[in-house]
Amino acid sequence: MSKVTVGVSLKMYFGHERARAWFDEVAALVRDHPAIRDGVVELFITPTYLQVLPAVAAFAGTPVRIGGQDVSAEESGPFTGEVSAAELAEVGATIAEIGHAERRRLYGETEEVTAAKTRAALRAGLTPLLCIGETERFEPADATIIAVAQLRSALEGADAGAVLVAYEPVWAIGAPEPAGHEHIRKVASALRDALQSDAARTGSVVIYGGAAGPGLLTALGDAVDGVFLGRFAHDPAALMTVLDEAADLALGRGTVRRPAQEPSGAADPGWHGGVAETVDAPEGADR
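Now for a description of the structure that goes with this document. (Residues numbered from 1 in each chain as written. Predicted model: local features only at pLDDT ≥ 70, side-chain atom pairs only at ≥ 80, totals over all residues. Heavy atoms only, no water.)

Further remarks concern the packing of helix α1 (residues 16–31) against helix α3 (residues 49–58). Their axes nearest at 9 Å, the elements α1 and α3 cross at an angle of 25°. It follows that α1 is roughly parallel to α3 by the angle criterion. Like other packed secondary-structure pairs, α1 and α3 cross with a definite hand, here right-handed. Contacts from His16, Ala19, Arg20, Phe23, Asp24, Ala27 and Arg31 of α1 reach α3 at Leu50, Gln51, Pro54, Ala55 and Ala58. (Axes fitted to C-alpha atoms, helices over the stretch in contact; angles between N-to-C directions. Helix = DSSP H or I, 4+ residues; strand = E, 2+ residues; numbered from the N terminus. Parallel < 35°, antiparallel > 145°, perpendicular 65-115°, else oblique. Left-handed = near helix turned anticlockwise from the far one by under 90°. Contact = heavy atoms within 4.5 Å.)

In structure tokens, the structure reads:
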């Protein structure tokens with residue numbers, strides 16, 4: 001993929017009014033960000049269920065995608081406390097986060113449950129955000145086997161459609177540092193290969209989400225398609241730092257180019273990270 005994807009999960013850190021204020025501040029910033037506007041960088045946010053509607057409203061008119069942090073495996077019926085994929089889609093969400101390590105650990109969600117939720121999301125036209133990762137620290141070769149097996153299990157019997165795969169080694173979530181760069185590269189590469197070998201998953205991306213922060217995208221380069229942020233993104237300015245980094249990475253991949261220098265010698269227009277505002281995708285490039 002040429003574009004760079006940046007995701008943010010708010011988990012249950014924000015109350016309703018704080019979330020609304022955060023949405024408004026981030027929306028004001030991304031409206032002026034050429035990389036977001038032109039699709040060079042894709043931003044998605046998964047707030048709590050109660051915050052989905054105000055998030056959709058706050059980001060109206062921008063390309064920012066909103067998702068739920070979970071979704072029911074059931075279509076409808078007597079399932080107290082659940083939210084269906086169809087209802088999420090109805091109110092404007094386009095993503096459903098599925099299989100996060102906390103759901104597995106705290107609520108006993110199994111691979112079978114993850115697969116059922118993936119099927120429900122795709123049936124409703126949502127993009128599954130599949131959280132994949134080993135619970136213990138292994139050598140990259142062993143972590144790769146576990147991650148690919150989880151991915152294949154989650155997609156078993158699912159309709160065709162692109163997925164977002166967030167590689168989040170459980171042992172790195174909330175840790176001071178992410179997994180080693182070479183570890184991430186090897187596992188992400190294997191996940192990409194698995195997706196690319198499946199004709200039903202065209203357009204899928206692999207992002208990294210274990211203790212992700214500034215500098216990681218630059219260090220990983222083309223090894224991943226983006227990052228999935230947690231508490232680091234609670235500060236909108238910090239989030240913008242990563243979006244600028246993502247824009248620079250997209251430029252380096254050839255997704256965008258700087259405009260020709262004006263005859264007057266005026267400086268190129270740019271966005272926050274110094275990436276040119278003019279965006280041209282090469283023929284056939286994914287925008």
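With that settled, the discussion passes to the packing of aromatic side chains. Two aromatic rings are characterised by how far apart their centres lie and by the angle between their planes. Across all of its chains, the model carries 5 aromatic pairs by this definition. Geometrically, the ring pair formed by Phe14 and Trp22 is edge-to-face, given 6.2 Å between the ring centres and 65° between the ring planes. Here Phe14 matches Trp22 in class, with each residue buried. Through a chain of ring-to-ring contacts, the aromatic side chains of Phe14, Trp22, Phe23 and Phe59 assemble into a single cluster. (Phe/Tyr/Trp six-rings, centres within 6.5 Å; stacked < 30°, edge-to-face > 60°. Buried < 20%, exposed > 50% of the residue type's maximum accessible area, 1.4 Å probe, protein only.)

Here the focus is the pairing of strand β3 (residues 65–68). In β3, alternate side chains face the same way, and those of Arg65 and Gly67 on one face and Ile66 and Gly68 on the other are all buried. Note that strand β2 (residues 41–46) and β3 share 2 bridges and pair parallel. When the bridges of β3 are listed, Ile45 appears paired with Ile66. Each parallel crossover has a hand, and the one from β2 via α3 to β3 is right-handed. On the question of chirality, the crossover connecting β3 to the parallel strand β4 (residues 95–98) by way of helix α4 (residues 85–90) is right-handed. (Pairing = 2+ DSSP bridges. Right-handed = clockwise from strand over helix to strand, strands pointing away.)

A side chain with one charge may pair with a side chain of the opposite charge, provided their charged atoms come close. One pass over the full model with this rule turns up 13 salt bridges. Note that Glu75 and Arg123 form a salt bridge whose closest N and O atoms lie 2.7 Å from each other. Within this pair, whereas Glu75 is found in the loop between β3 and α4, its partner Arg123 is found in helix α6 (residues 111–123), the two being separated by 48 residues in sequence. Relative accessible area serves as the criterion here: at 47%, Glu75 is assigned to the partly exposed category. Judged by its relative accessible area of 43%, Arg123 falls in the partly exposed class. Across the pair Glu111 and Arg104 runs a salt bridge whose closest N-O atoms are separated by 2.8 Å. Here Glu111 falls in the partly exposed class, since its relative accessible area comes to 24%. Ionic contacts of the salt-bridge type, sharing partners, join the residues Asp70, Arg103, Glu109 and Lys117 into one network. (Salt bridge = Lys/Arg side-chain N within 4 Å of Asp/Glu carboxyl O.)

Take the side chain of His234 next. Its location among the elements puts His234 in the loop between β8 (226–229) and α10 (236–252). According to the relative accessible area criterion, His234 is buried, its value standing at 15%. Residues within four places of His234 in sequence aside, it is in contact with Leu10, Tyr13, Phe14, Arg18 and Trp22.

This part takes up the pairing of β2. The buried fraction of β2 amounts to 6 of the 6 residues, a majority that puts the element mostly inside the structure. Every second residue of β2 is oriented toward a common face, with Val41, Leu43 and Ile45 on one face and Glu42, Phe44 and Thr46 on the other, all of them buried. Two elements, strand β1 (residues 4–9) and β2, share 6 bridges in a ladder whose sense is parallel. From the neighbouring strand, Gly7 faces β2, where its bridge partner is Phe44.

On to the packing of α1 against α10. Orientation of α1 relative to α10, taken along the N-to-C sense of each, is 35°, at an axis distance of 10 Å. Classified by chirality, the crossing of α10 by α1 is right-handed. For the pair α1 and α10, the contacting residues are Trp22, Glu25, Val26, Leu29 and Val30 in the first and Pro236, Leu239, Met240 and Leu243 in the second. Class assignment for the residues of the contact of α1 with α10 results in 8 nonpolar, no polar and 1 charged. (Nonpolar A, V, L, I, M, F, W, Y, C, P; charged D, E, K, R; others polar.)

Moving on, we get to the nonpolar core. If you look at the biggest cluster of nonpolar residues, it comprises 71 residues, and the most contacted ones within it are Val6, Leu43, Phe59, Leu191 and Leu239. The element that contributes the greatest number of residues to this core is α10, accounting for 8 residues. (Core = buried A, V, L, I, M, F, W, Y, C linked by side-chain atoms within 4.5 Å.)

Here the focus is α3. Residues Gln51, Val52, Pro54, Ala55 and Ala58 constitute the buried set of α3. Along its buried surface, α3 packs onto α1 and β3.

Before going further, it helps to spend a moment on empty space enclosed by the protein. Tallied over the entire structure, the rule returns 1 cavity of 30 Å³ or more. Taken as a whole, the largest cavity holds about 30 Å³ of empty space. In this structure, the largest cavity is lined by Glu74, Glu75, Ser84, Ala85, Ala86, Ala120 and Ala124. Looking at side-chain class alone, the lining of the largest cavity contains 4 nonpolar, 1 polar and 2 charged residues. (1 Å grid on protein atoms, 1.4 Å probe; cavity = no way out; pocket = protein on both sides within 12 Å on 5 of 7 lines; lining within 4 Å. Points joined across faces, edges and corners; volume = space filled by probe spheres on them.)

These results come straight from atomic positions and should not be treated as a statement about function.
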